[in-house]
Amino acid sequence: MTPEALKALLATAETDHAAHCAAPLGLDLTRGKPAADQLSFANGLDGILQGQFLDRDGSDTRNYGGPLGIPELRDLGAAVLEVPAAQVLAGGNSSLTLMYQFVDAALRFGFGAQAPWGDGAKMLCPVPGYDRHFAIGEHLGLELVPVPMTDSGPCMDAIEAAVAADPSIKALWVVPKYSNPTGASVSEAVTTRLAALPTIAGPGFQVLWDNAYAVHDLTDTPTPLPSLWSAAEAAGTLDHMALFASTSKMSWAGGGVAFFAAGPNTFKAFNHHLSFQLIGPDKVNQLRHARLFPDLPQLRAHMAQHRALLKPKFDAVLSALDAGLGNTGLARWTVPEGGYFISVDVVPGTAKTVVALAAEAGVKLTPAGATHPYGKDPDDQTLRLAPSFPPLADVEAAMAVFVNCVRLAGARQRLKERPE
Ligand SMILES: Cc1ncc(COP(=O)(O)O)c(C=O)c1O
């Protein structure tokens, strides 16, 4: 844009911002939570058992035991993660807990023949990425090393170079489908290279494959995810792949079932570590989920209901971005085919300002930097939008404010850099 055009844009943005601040909205686009009407699709869970508590093997789900989960839910986890059911643990309500427990166990105990990671271990964090992944590593004392994301998953050139050069790099986070927050999914080529990483990395290296959005498509024709399991089997690295998923955004975010899968030795060793922490998961809740989601086709049919609510909200965000920022050169954004987030890169140096301006107008955004290790985005440019929770009209209202804040901060910055 010419300086004249930028000045005109800035003048309008300032007037609009003053108007927005005069009537602040009180809206929140921060966390990727399902909306209440999405949660209601699973209300059938309530009372679904009608006094029948036996699983398919005849075990009483109300009692202790069954540390790997009930067979019905291990089958469901296997279908979601596309792995053999014998290698699946169906656990409690949070996959994040399993990820924490897995990293903790890797650090302190190791898995079978794999020695503990010990002090000085490092973790590769694709950026932009999921703040809670990074927080697990930081809390457990790992050094977080950023690596770039691409449109087809984490940048494998950077990752291969890093692990080959530094054996203290012990793990890599991957959200393979509709990543948080860019929405990118891994390609076949990236999956093959991920599966081969343990052959060039230091001992005990683990790919942490968090397939949180495995069935969370926004289209009717989703691209199938390449099989990490088959690729790792072929590469002989199954014991270095840790796969996670959960029903948090299928049924109830606070009352679902989490899944874990790994190669035989790691699976056995991790379950041994878990055996000191619990006698068995909530199998009654697992049985309720088995009744609600008897198989993958019925789970997919359930997810189509979510799609019907989520798609218009994503469309509203994307149309607002197109209308307010298209052709301005002041932002670029992702157009996800699933998941819960849209990532927006604003003019470098303005992400924090955009968040502050939006707050003045009553719109809460995820803090700038949250998508990077230690909360620090060196370019101060990436913002994560989460449109699932507010009603559609609120998403539209919040987006009008957001877009204007990006225009305002971006035009000011550009004019500062290039006044004439
Ligand atoms: C990539 C990713 N993994 C995991 C989670 C949380 O999973 P859970 O509810 O199973 O702990 C989220 C929630 O936003 C997420 O985006």
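Cut-offs and rules
Residues numbered from 1 in each chain as written. Predicted model: local features only at pLDDT ≥ 70, side-chain atom pairs only at ≥ 80, totals over all residues. Heavy atoms only, no water. Helix = DSSP H or I, 4+ residues; strand = E, 2+ residues; numbered from the N terminus. Rg over C-alpha atoms; globule rule 2.2 N^0.38 Å. Contact = heavy atoms within 4.5 Å. Areas by Shrake-Rupley, 256 points an atom, 1.4 Å probe, with all protein chains shown as cover. Lys, Arg positive; Asp, Glu negative; His and termini not counted. Charge placed at Lys NZ, Arg CZ, Asp CG, Glu CD. Phe/Tyr/Trp six-rings, centres within 6.5 Å; stacked < 30°, edge-to-face > 60°. Buried < 20%, exposed > 50% of the residue type's maximum accessible area, 1.4 Å probe, protein only. Lys NZ or Arg CZ within 6 Å of the ring centre and 35° of its normal. Near = heavy atom within 4 Å. Polar contact = N/O pair within 3.5 Å; in protein donor to acceptor, adjacent residues only side chain to side chain. Nonpolar A, V, L, I, M, F, W, Y, C, P; charged D, E, K, R; others polar. Domains from an automatic or database assignment. Buried area = accessible area lost by both parts, 1.4 Å probe. Salt bridge = Lys/Arg side-chain N within 4 Å of Asp/Glu carboxyl O. Pairing = 2+ DSSP bridges. Axes fitted to C-alpha atoms, helices over the stretch in contact; angles between N-to-C directions. Arc of directions from axis to C-beta. Disulfide = S-S within 2.5 Å. 1 Å grid on protein atoms, 1.4 Å probe; cavity = no way out; pocket = protein on both sides within 12 Å on 5 of 7 lines; lining within 4 Å. Points joined across faces, edges and corners; volume = space filled by probe spheres on them.

**What about the overall build of the protein?**
In step 1: Secondary structure assignment for the protein yields 13 helices and 13 strands.
In step 2: Relative to the globule expectation of 22 Å for 420 residues, the C-alpha radius of gyration of the protein, 23 Å, shows essentially globular dimensions.
In step 3: Its C-alpha atoms put the protein at 70 × 55 × 35 Å along the principal axes.
In step 4: Expressed as a percentage of contacts within the protein between residues at least 6 apart in sequence, the contacts between residues at least 24 apart total 77%.
In step 5: As displayed, the protein has an accessible area near 16,900 Å², and 55% of this comes from carbon and sulfur atoms.
In step 6: Between the mean site of the 31 positive side-chain charges and the mean site of the 41 negative ones, the protein shows a separation of 3 Å.

**Observations concerning the packing of aromatic side chains**
Aromatic ring pairs are described here by two measures, namely the spacing of the ring centres and the angle between the planes.
In step 1: Tallying each qualifying case throughout the model produces 10 aromatic pairs.
In step 2: Measuring from centroid to centroid gives 5.5 Å for Phe102 and Phe260, while their planes differ by 40°, and the two rings are tilted. One end of the pair, Phe102, is in helix 4 (residues 95–108); the other, Phe260, is in strand 9 (residues 258–262), and 158 residues separate them in sequence. The same class applies to Phe102 as to Phe260, namely buried.
In step 3: Considering the side-chain rings of Phe111 and Phe270, the 6.2 Å spacing of their centres and the 85° angle between planes classify their relative orientation as edge-to-face. Note that Phe111 is positioned in the loop between helix 4 and strand 3 (122–127) and Phe270 in helix 9 (residues 264–274), a separation of 159 residues in sequence. Assigned by exposure class, Phe111 and Phe270 land together as buried.
In step 4: The structure contains a cluster of three or more aromatic residues connected by ring pairs, namely Phe102, Phe111, Phe244, Phe260, Phe267 and Phe270.
In step 5: In this arrangement the basic side chain of Lys33 is found over the ring face of Phe389, its NZ or CZ atom lying 4.6 Å from the centre.
In step 6: A cation sits over an aromatic face here: Lys249 above Tyr340, 5.0 Å from the ring centre.

**Considerations on the site of the ligand**
In step 1: Close contacts around the ligand come from Ser94, Ser95, Leu96, Tyr130, Val175, Asn180, Asp210, Ala212, Tyr213, Ser246, Ser248 and Lys249, and that covers them all.
In step 2: Contacts to the ligand include Ser246, whose side-chain N or O atom sits 2.7 Å from an oxygen atom.
In step 3: When its residues are assigned to classes, the shell around the ligand shows 5 nonpolar, 5 polar and 2 charged.

**Description of the domain arrangement of the protein**
Note: interface size is frequently given as the accessible area lost on complex formation between the parts.
In step 1: When cut into domains, the protein gives domain 1 (3–30 + 300–417) and domain 2 (55–294).
In step 2: Spacing between the C-alpha centres of domain 1 and domain 2 amounts to 31 Å.
In step 3: Carbon and sulfur atoms supply 62% of the area buried between domain 1 and domain 2, which totals about 2,400 Å² over both sides.
In step 4: Counting across the interface, domain 1 meets domain 2 through 2 salt bridges.
In step 5: In this structure, Arg307 engages Asp220 in a salt bridge whose closest nitrogen and oxygen atoms are separated by 2.8 Å.
In step 6: Our count for the domain 1 to domain 2 interface comes out at 10 residue pairs in polar contact (both at pLDDT 80 or more).

**Comments concerning the sheet that holds strand 5 (residues 153–154)**
In step 1: Pairing in this open sheet of 8 strands is mixed, and the strands run 2-9-8-7-6-3-4-5 from one edge to the other. In this open sheet, the two strands that pair with only one neighbour each are strand 2 (88–90) and strand 5.
In step 2: One ladder, built from 2 bridges, connects strand 4 (residues 143–150) with strand 5; its direction is antiparallel. When the bridges of strand 5 are listed, Met149 appears paired with Pro154.
In step 3: Sheet strands in contact with helix 7 (residues 188–196) are strand 5, strand 6 (169–174), strand 7 (206–210) and strand 8 (241–246), and its direction is about 140° off that of strand 7.
In step 4: Relative to the sheet, helix 9 contacts strand 2, strand 7 and strand 9, its axis offset from that of strand 9 by approximately 135°.

**With respect to helix 12 (residues 351–360)**
In step 1: If you check which residues of helix 12 are buried, you get Ala351, Val354, Val355, Leu357 and Ala358. Along helix 12, the residues classed as buried sweep out an arc of 165° about the axis, all on the same side. Exposed and facing more than 90 degrees away from the buried side of helix 12 are Lys352 and Ala359.
In step 2: Just past helix 12, the residue Gly362 takes up positive phi, approximately 80°.

**Examining the state of the cysteines**
In step 1: For the structure shown, the criterion picks out 0 disulfides.
In step 2: The thiol of Cys125 is not disulfide-bonded; the next cysteine sulfur, from Cys155, is found 15 Å away.
In step 3: By relative accessible area, which is 0% here, Cys125 ends up buried.
In step 4: In this model Cys405 remains outside any disulfide bridge; the closest cysteine sulfur is found in Cys21, 7.4 Å from its own.
In step 5: Residue Cys405 is classed as buried on the basis of its relative accessible area of 0%.

**Section: empty space enclosed by the protein**
The rolling of a water-molecule-sized probe over the atoms marks out the regions of remaining empty space.
In step 1: Within the structure shown, the criterion is met by 3 cavities of 30 Å³ or more.
In step 2: What the largest cavity holds in volume is close to 90 Å³.
In step 3: Lining the largest cavity are 13 residues; nearest its centre among them are Pro126, Gly129, Trp173, Val175 and Asn180.
In step 4: Elements that contribute at least two residues to the lining of the largest cavity include exactly helix 5 (131–139) and strand 6.
In step 5: Classifying every residue of the lining of the largest cavity gives 9 nonpolar, 4 polar and no charged.

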